[in-house]
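Overview (structure and organization)
Spelled out, the chains give:
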Amino acid sequence: MFKRSIPFLISSLICTTSVLAQENNSYQKPPQSLINLLEAPASQDVKISSDGEWMLLLKPSGLPSIDELSQMEYGLAGLRINPITNGPSRAAFYSAITLKSTSDATEFNFSGLPDELKLSNLTWSPDETKIAFAHTSSKGIELWIADLKTQEAKRLGEDYINGIYAKSFIWRPDGKAILAQCVIKNSKKLIETEKIASGPIIQENTGKSSPSRTYQDLLKNAGDEKMFEHFLTSQLKIINLEGESLNFLESQIIRSMDYSPDGEYLLLADIKSPYSYTVPISLFAYSTSIYDKKGKLIKKLFDAPSSENIPAGFDAVPKGPREFGWRTDKAATLFWVEAMDNGNPAQQASVRDIIYTQNAPFNQNPLKLAECYFRFYSINWGDDKLAILTERWWKTRAERRVFIKPSDENFRVNLFDRYFEDGYKDPGQLLSTKNEYNRNVLLTEFNPLKRISDPDNLAIFSISDGASPEGERPFILKFNIKTKVRDTIFRSAAPYYERPIYFNNSKFSINSREAADTVKNYYRLNLKDSSYTQITNFSNPYPELKGVQKKQISYTRLDGINLGATLYLPANFKVGDQALPVLMWAYPREFKTMEAAGQVKGSPFKFMSLSPGSPVYWVSRGYAILDNADMPVIGESLSEPNDTFIEQIRYNAEAAINHLVEMGVADRKRIAIGGHSYGAFMTANLLAHTDLFAAGIARSGAYNRSLTPFGFQSEERTFWQAQSVYNKMSPFNYANKIKTPLLLIHGQADNNSGTFPIQSERLYAALKGHGAISRLVLLPFEAHSYRAKESILHSMWEMDNWLEKFVKNK
């Protein structure tokens, strides 16, 4: 557990002496052109009703202030907790909500909403005549509902919601009440652990292999355990639409909860002690049970132990039943998955998982539904004659989607076999529709007269990103599961990037539509006559960037792999002008096949959308920006990508630089490299092993892999299994070779796995010790991604000064 009180500190060494310069500065602001772009209104999010007739527009709240971010928080069991609200301490909210008709774009506002709305966790009622949502006030999290017919909103009851972990509330299937996790009233006042220790803190291992990744904010002692129980324990309550509530079951720490489709049963999992000090709450021991709708225990299904001891590897899973859930096409049929290889991917097995089902009242032997030759990934239910099972094997990146019949355990037809890193062959996300229980089942098309005689002759639908050699071109696919004939109902075409977000049975779709110079808006597309009805009318949030040139470029690295990136050029630049200073921004990705690594990514027709951490801001400062520069690291067959990590990121960087110079865009001597997290790790490695760049910017990275000894990113091997790889990939080990100016920025409350702030502190100390030009900026109260407006502006100021000094004016 931690509490925070951290001073603002900038450490810098900008000469070749060993003198450490420390500045206790106030927050700074970058040039106004960057501020204007950061303060532009954010894009609104949307939610569509299942019939496609209604759209909810959700306006994100602005960036929080440093005062808001610095409010007290506790780190417990991998969670960050606000002790005042009993919710997450770093939650994002919506500040406004609007209802729109998709058929004629008529707009409605809800009355009765709080003056300073902080909306989250929005869900439709089962019949979609209402919505429920949480509103975070200064005293706690409130439960609210809004009626789509009356456009009126109101708070339900006086209880505060416990929003720290798992679903904070769910609708009862009849739509007449909500089951909610509530903060326990009149609970004992929290007493923090005394500073004087009552004894040592002891952990013991009895000889079992317990590899675990590097987690943050874990429980550390008995005092933490008491605080964990204090904040996480909830009283479940059934709250009707008049706000009247009734306690349901005893208070407990909820892991998950879900009503059966008919509403007669509740599937509930709750966290059990003893609590682990080595893994976060998601891996704690828990118990899964079924209750009836009145709270009577029907059956205790399984007591799952802590997952501390699961085998190593991304294909590893716990022993015993897991993935409990309801068949959405049945009134009350349970399903779950069990590993046949003891959850150990290293153990040979022809069948990895088996899926079982059991009907209410859950007192008969389970029925085997299907076998998985890879690891179970997901299942989409249709009816007794149709379900789509997806299984994956991470080691090989294999994915298989299988047509099964829940009424026939022996029926199995493979529909799609691919490597899940292969975007060109991705059929996309399967589409669903509501059934009689208001649950999602597969959207299908069939001839009712032929379904009886030929039950397999039907089509399913999906929406895909549409990766292709021409870039992303999203499409709607109709796929016959018997003949495997494909029919593309819609596909995005130049000069637009158009993505369907809703489709139902060939009548119409709702699409987002944008172009390189046109902001994204939403349209209703009549698929019969291809006519469009505009639903939203958002304006360009970045008039300052008018005329900025955006290009999707491609180039080839030394070993023949095709690479790509998005290039942004200042509005007035043309080939033949003086070559520009460049900021290259990238993030490495691991691949098992050269084919997948070389695929085209992104689209030239997407409108510029600037997140707070984007490098594209600097196009307004006269830089060429190479964003999302491909940085593949490939390990085919028995080799692993990281075996040649350093060589491959060098090939990638050299190819990008050479192409920009050949285009007449870049000044080879004025190119900076930067990245966040794993991109920061890449940046430090490129500066340690090449002299390609004029400067580097590394934000929130990890630089010493011995501090993440049981794996990192996509690396499954431990430090002791691949010690030479870990050592070679650690730029800390080569700090004496970094001669290029390096700016390090890190949040002092970084809770991402492996990227402790000490990673940047120790690298900076090593650079300082060897006289490297470097600067360390630690941002108070910031986690892995920076949120406070002051922090973001100051980071931009630091980056701008670094680029101006060591790149543009070199």
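For the structure, see preceding data.
In this report, we go over the structure that sits alongside the text. Just so it is clear, the model here is predicted, and its values are computed rather than measured.

Remarks on the overall build of the protein chain
For the protein chain, the helix and strand inventory stands at 10 helices and 50 strands. Since a compact globule built from 810 residues should have a radius of gyration of about 28 Å, the 28 Å found for the protein chain is in line with a globular shape. For the protein chain, the proportion of its 810 residues judged to be buried stands at 54%. A separation of at least 24 residues holds for 59% of the contacts in the protein chain among residues at least 6 apart in sequence. Accessible area of the protein chain: about 35200 Å², with a carbon and sulfur share of 48%. In the protein chain, which carries 94 positive and 90 negative side-chain charges, the distance between the mean positions of the two groups comes to 2 Å.

Regarding the packing of aromatic side chains
This structure, assessed with the given rule, holds 29 aromatic pairs. For the pair F228 and Y275, a centre-to-centre distance of 4.9 Å together with 65° between the ring planes defines the contact as edge-to-face. With F228 in helix α3 (residues 222-232) and Y275 in the loop between β19 (265-271) and β20 (286-292), this pair connects stretches of sequence that are 47 residues apart. There is no split in this pair, since F228 and Y275 are both buried. Look at F403 and F411: their rings are 4.9 Å apart centre to centre, the planes differ by 70°, and that puts the pair in the edge-to-face class. As far as burial versus exposure is concerned, F403 and F411 are alike and both buried.

Examining the sheet that holds strand β40 (residues 531-534)
The strand order β37-β38-β39-β40 describes an open sheet built from four strands, whose pairing is antiparallel. Where the open sheet ends on each side, the last strands, each with one partner, are β37 (497-503) and β40. For this sheet the average axis-to-axis angle between neighbouring strands, irrespective of direction, equals 35°. In this sheet, strand β38 (residues 508-515) lies alongside β37 in antiparallel orientation, the contact comprising six bridges. Pairing of F503 across the sheet is with S509, part of β38.

Topic: helix α9 (residues 757-769)
When the terminal C-alpha atoms of α9 are compared, their 19 Å separation across 13 residues agrees well with the 18 Å that a helix rising 1.5 Å per residue should span. Residues of α9 that are buried: P757, Q759, S760, L763, Y764, A766 and L767. G771, located one to two residues past α9, shows a positive phi value of around 75°.

Considering the pattern of salt bridges
Under the definition given, this model contains 51 salt bridges. E399 is the salt-bridge partner of R401, the closest N and O atoms lying 3.5 Å from each other. The partner of D456 in a salt bridge is K405, with the nearest N and O atoms 2.9 Å apart. In this pair, D456 sits in the loop between α4 (448-451) and β34 (459-464) while K405 sits in strand β28 (residues 398-405), placing the two residues 51 residues apart along the sequence. Per residue, the accessibility class of D456 equals that of K405, and both read buried. Shared partners join several salt bridges into a network, and the residues in it are R322, D341, R352, D353 and R375.

Details of the sheet that holds strand β27 (residues 386-393)
Taken in spatial order, the four strands make up an open sheet running β26-β27-β28-β29, and their pairing is antiparallel. The sheet is open, and its two edges are formed by β26 (375-383) and β29 (408-419), each paired on a single side. When the angles between neighbouring strand axes are averaged without regard to direction, this sheet yields 20°. The sheet contact formed by β26 and β27 spans seven bridges and is antiparallel. By the bridge assignment for β27, W381 is matched with A387.

Basis of the calculations
- Residues numbered from 1 in each chain as written.
- Predicted model: local features only at pLDDT ≥ 70, side-chain atom pairs only at ≥ 80, totals over all residues.
- Heavy atoms only, no water.
- Helix = DSSP H or I, 4+ residues; strand = E, 2+ residues; numbered from the N terminus.
- Rg over C-alpha atoms; globule rule 2.2 N^0.38 Å.
- Buried < 20%, exposed > 50% of the residue type's maximum accessible area, 1.4 Å probe, protein only.
- Contact = heavy atoms within 4.5 Å.
- Areas by Shrake-Rupley, 256 points an atom, 1.4 Å probe, with all protein chains shown as cover.
- Lys, Arg positive; Asp, Glu negative; His and termini not counted.
- Charge placed at Lys NZ, Arg CZ, Asp CG, Glu CD.
- Phe/Tyr/Trp six-rings, centres within 6.5 Å; stacked < 30°, edge-to-face > 60°.
- Pairing = 2+ DSSP bridges.
- Axes fitted to C-alpha atoms, helices over the stretch in contact; angles between N-to-C directions.
- Expected span 1.5 Å × (residues − 1).
- Salt bridge = Lys/Arg side-chain N within 4 Å of Asp/Glu carboxyl O.

Worth remembering: the numbers are spatial, not functional.
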